[in-house]
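Inside the fold
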Amino acid sequence: MTTVDAQGAADGPTVTAVRGPLVRILADPFRVGSEEALKYTADALLICADGRVTAAGEHAALRHRLPAGVTPVHYPDHVIVPGFVDAHVHGVQTAVMPASGADLAGWLEQRAFPEEERFADAGYAREAAAVFCDQLLRNGTTTALVFGSVHPGSADALFEAAARRDLRIACGKVLMDRNAPDALLDTADGGYAESKALLDRWHGKGRARYAGTPRFAPSCSPAQLEAAAALWHAHPGTLLHTHVSETPDEVEWARSLFPGRAGYLDIYDHYGLLGPGAVLAHGVHLSPAERDRCAATGTALAHCPGSNLALGSGLFPARETAGAPRPVTVGLGTDVGAGPTFSMLSTVYEAYRVAAMCGAPIDIVQAYHLATRGGAAALGLADTVGSLAPGQEADFAVLDPRATPLLARRAARAEDIEELLLVLAALGDDRAVRATYVAGRLAHDRDTAPAGGNGCDP
């Protein structure tokens, strides 16, 4: 094999390699402690072949494994981390981000629903999907669990845009047959049929995965929830993506609509919507017993601190949930558009701060875990992405501690890698993402990307 840079020859595996400081979280820091979970290599070599990690460790120990002619891309004075996993984000709300002063119901009525109505236009959906996917890459996000709108074309557009960029995306069209504008309502039978067609078209194709997407219990009739469960259980490997217990008013609303159920979570439990592969966004107001039920069923939660703060929804108890004696799998979501940013770095810091406000702080390694390995586990991808272990897909981001003058000044004072990670989360944003790689391929370079995006769409 011969190469002129880090790309492999056409007659063998495509090999890429990068060199630089490498951070990986190889175990759950809520279970084993952060010191044991964190693996930091000051001068590392990451070797990838055909999109997967083949070796990761000390450069001096691994450089002999580079094929002849392969020269690593060197990122000295940077930090290489696993690609971020956004466990809850709305691909159809970018144009109305962030929430501004309204509560959840006001946000939906005044901003989210009117914007989602625009996705009946296929051209608008394609344009929005391109912007959305480019923002993921600019922020180092390589995997995302995404809400579409009620229109099947919104999911088609997101899958198409993600496929062009080789992003790992799980997405679904929204299922919603009540308590929303008429233009955004489907039916139980129609929603099932449209979802099944999307699933057949996209699930398992490349890096695409289908997620059945009932918006939340208040917008779904019993028949709609039954249909969502039937679709999910009939197709192992798909996900189930919805909201739960985001605000006290929402909890009471759900209870009033399903008076026979013991609580909000019990609605989903009753209709067969809990279990491995179910990802429920928010969960701010779940009771300890409800969190135990999530743990017992293998249901994951997506913690969305940015939107919870923007809407005044409440404070999610991350340590009491992910670190409980019966732990719940927890990922981290930006929840764009109620959330104010695509930056998972900023969202990591919000999770860190919210935990402190709960009186049960988490450390920065635990916060990064939620955004990488934890998010991957929530999506059933712990063996696929999230920690850059050999055999995993080679999705990673290169962070620049000198991206801004303030960040550079503060980073220079960092005494260890934990402090540097905290500084990057607190002061970083998309400017701090020097590069994003998907499946071992450079997909975004901050210093060469055009101002309008990554050039993946005409």
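My aim in this report is to walk through the structure given alongside it, one point at a time. (Residues numbered from 1 in each chain as written. Predicted model: local features only at pLDDT ≥ 70, side-chain atom pairs only at ≥ 80, totals over all residues. Heavy atoms only, no water.)

A few points about the overall build of the chain
The condition that has to hold: Each helix corresponds to a stretch of at least 4 residues labelled H or I by DSSP, and each strand to a stretch of at least 2 residues labelled E; elements are numbered beginning at the N terminus. Each radius of gyration is computed over the set of C-alpha atoms, and the globule rule expresses the reference value as 2.2 Å times the number of residues to the power 0.38. With a 1.4 Å probe rolled over the protein chains alone, any residue whose accessible area is under 20% of its type maximum counts as buried; one over 50% counts as exposed, and the rest are partly exposed. It only takes one pair of heavy atoms within 4.5 Å for two residues to be counted as in contact. Surface accessibility in these figures is a Shrake-Rupley result with a 1.4 Å probe; residues are shielded only by whichever protein chains are displayed. None of His or the chain ends enter the tally, which takes Lys and Arg as positive and Asp and Glu as negative. Here the site of a charge means NZ on Lys, CZ on Arg, CG on Asp, or CD on Glu.
Scanning the chain from N- to C-terminus turns up 18 helices and 17 strands. Its C-alpha atoms give the chain a radius of gyration of 21 Å, near enough to 23 Å, the size a compact globule of 458 residues would have. In terms of its C-alpha atoms, the chain occupies a principal-axis envelope of roughly 65 × 50 × 40 Å. Looking at the 458 residues of the chain, the share that counts as buried comes to 59%. Taking the contacts inside the chain whose residues are at least 6 apart along the sequence as the reference set, 73% of them involve residues at least 24 apart. With an accessible surface of roughly 16,600 Å², the chain has 51% of that area assigned to carbon and sulfur atoms. Across the chain, 38 positive and 53 negative side-chain charges occur, with their mean positions spaced 4 Å apart.

As for unusual backbone geometry
The omega angle of the peptide bond from methionine 97 to proline 98 is -5°, so this bond is cis rather than trans. Of note, proline 98 is situated in the loop between strand 6 (84–90) and helix 4 (104–117). Going from valine 336 to glycine 337, the amide bond is cis rather than trans, its omega being 10°. Looking at the secondary structure, you find glycine 337 in the loop between strand 14 (330–332) and helix 14 (344–357). Of note in the backbone geometry, histidine 282 takes a positive phi value of approximately 85° without being a glycine. Tracing the backbone through its elements, the reader meets histidine 282 in strand 12 (residues 278–282). Histidine 282 gets classed as buried once you look at its relative accessible area, which sits at 1%. Look at alanine 439: it is not a glycine, yet its phi comes out positive at around 50°.

Focus on the pairing of strand 12
The side chains of a regular strand alternate, residue by residue, between the two faces of the sheet. Definition in use: Here, strands pair whenever DSSP counts at least two bridges between them. Here the term right-handed applies to a crossover when the path leading from its first strand over the helix to its second strand runs clockwise, the strands being oriented away from the viewer.
Burial analysis of strand 12 places 5 of its 5 residues in the buried class, which makes it a mostly covered element. Bridge count for strand 11 (residues 239–244) against strand 12 is 5 bridges, and the pairing is parallel. Counted as the bridge partner of histidine 243 is alanine 281 from strand 12. Sheet topology places strand 12 next to strand 13 (residues 300–303); 3 bridges connect them, and they run parallel. What sits directly across from alanine 281, in strand 13, is alanine 302. Handedness of the crossover joining strand 12 and strand 13 through helix 11 (residues 288–297): right-handed.

Some words on the state of the cysteines
Test applied: Whenever a pair of cysteine sulfur atoms sits within 2.5 Å, that pair is classed as a disulfide.
One pass over the structure, following the stated rule, counts 0 disulfides. Among the cysteines around cysteine 358, which has no disulfide bond, cysteine 304 carries the closest sulfur, lying 14 Å off.

Notes on the environment of glutamate 320
Counting through the fold element by element, glutamate 320 comes out in helix 13 (residues 318–322). Remark: the alpha-carbon pair of glutamate 320 and isoleucine 362, spanning 42 residues in sequence, is separated by 9.8 Å. Excluding its chain neighbours within four sequence positions, the residues that come into contact with glutamate 320 are Arg291 and Ala360.

Details of empty space enclosed by the protein
If you roll a probe as big as a water molecule over the atoms, it shows you where there is empty space left. This is how it is decided: The rule is simple: put a 1 Å grid over the protein atoms alone, call a set of points where a 1.4 Å probe fits but cannot get out a cavity, call an open set with protein on both sides within 12 Å along at least five of seven lines a pocket, and count a residue as lining if it has an atom within 4 Å of a point. Grid points are joined across faces, edges and corners, and a volume is the space filled by probe spheres set on the points. Under this grouping Gly is polar, as are all residues other than the nonpolar Ala, Val, Leu, Ile, Met, Phe, Trp, Tyr, Cys and Pro and the charged Asp, Glu, Lys and Arg.
The full count for this structure, using the stated rule, is 4 cavities of 30 Å³ or more. Within this model, the largest cavity holds a volume of roughly 120 Å³. If you trace the largest cavity, you find 13 residues lining it, with His90, Leu104, Leu108, His243 and Glu246 closest to the centre. When residues of the lining of the largest cavity are assigned to their parent elements, the largest contribution, 3 residues, is made by helix 4. For the lining of the largest cavity, the class distribution of residues is 6 nonpolar, 4 polar and 3 charged.

Quick look at a nonpolar patch on the surface
What counts here: Two distance rules govern patches: like charges are joined within 9 Å, and nonpolar side chains (Val, Leu, Ile, Met, Phe, Trp, Tyr) within 5 Å, applied only to residues with over 30% relative accessible area and no salt bridge. Basic side-chain nitrogens of Lys or Arg form a salt bridge, by our definition, when they fall within 4 Å of a carboxyl oxygen of Asp or Glu.
A contiguous nonpolar patch, built from Leu309, Leu315 and Met357 and spanning about 250 Å² of accessible area, is present on the exposed surface. Structurally, methionine 357 is set in helix 14.

Quick look at the nonpolar core
In globular proteins that are soluble, nonpolar side chains generally tend to be buried together. Selection criterion: Residues belong to one nonpolar core when they are buried, are Ala, Val, Leu, Ile, Met, Phe, Trp, Tyr or Cys, and are joined through side-chain atoms within 4.5 Å.
In terms of nonpolar packing, the biggest core is built from 81 residues, with Trp107, Tyr264, Tyr268, Leu273 and Tyr368 touching the most fellow members. Residues Tyr124, Val146, Phe159 and Phe342 belong to the second largest nonpolar core, which totals 32 residues.

A closer look at the environment of valine 244
In this structure, valine 244 sits in strand 11. Beyond its immediate stretch of four places on either side in the chain, valine 244 contacts Glu250, Tyr264, Leu265, Tyr268, Leu280, Ala281, His282, Gly283, Val284, Leu286 and Leu301.

Focus: the side chain of histidine 78
Stated formally: Nitrogen and oxygen atoms within 3.5 Å of one another constitute a polar contact, given that in protein one can donate a hydrogen and the other can accept it, and given that sequence-neighbouring residues count only through two side-chain atoms.
Structurally, the position occupied by histidine 78 is in the loop between strand 4 (73–74) and strand 5 (79–82). Judged by its relative accessible area of 11%, histidine 78 falls in the buried class. Of note is the side chain of histidine 78, whose polar atom sits 2.7 Å from the backbone oxygen of proline 76. In contact with histidine 78, not counting residues within four places along its chain, are Pro21, Val398, Leu399, Asp400, Pro401 and Arg434.

Quick look at helix 7 (residues 188–202)
Selection criterion: Expected span of a helix: the number of residues minus one, times 1.5 Å. The arc refers to the directions leading from the helix axis to the C-beta atoms.
Here helix 7 is 15 residues long and its end C-alpha atoms lie 21 Å apart, about the 21 Å a rise of 1.5 Å per residue gives. Listing the buried residues of helix 7 in full gives Ala188, Gly191, Ser195, Leu198, Leu199 and Trp202. Buried residues of helix 7, viewed axially, fall in a sector of 100°; they line one side. For helix 7, the secondary structure elements touched by its buried residues are helix 6 (152–165), strand 9 (174–175), strand 10 (208–214) and helix 8 (222–234). Looking one or two residues past helix 7, glycine 204 carries a phi angle of roughly 80°, positive in sign.

Remember, this is a structural readout, not a statement about activity or role.
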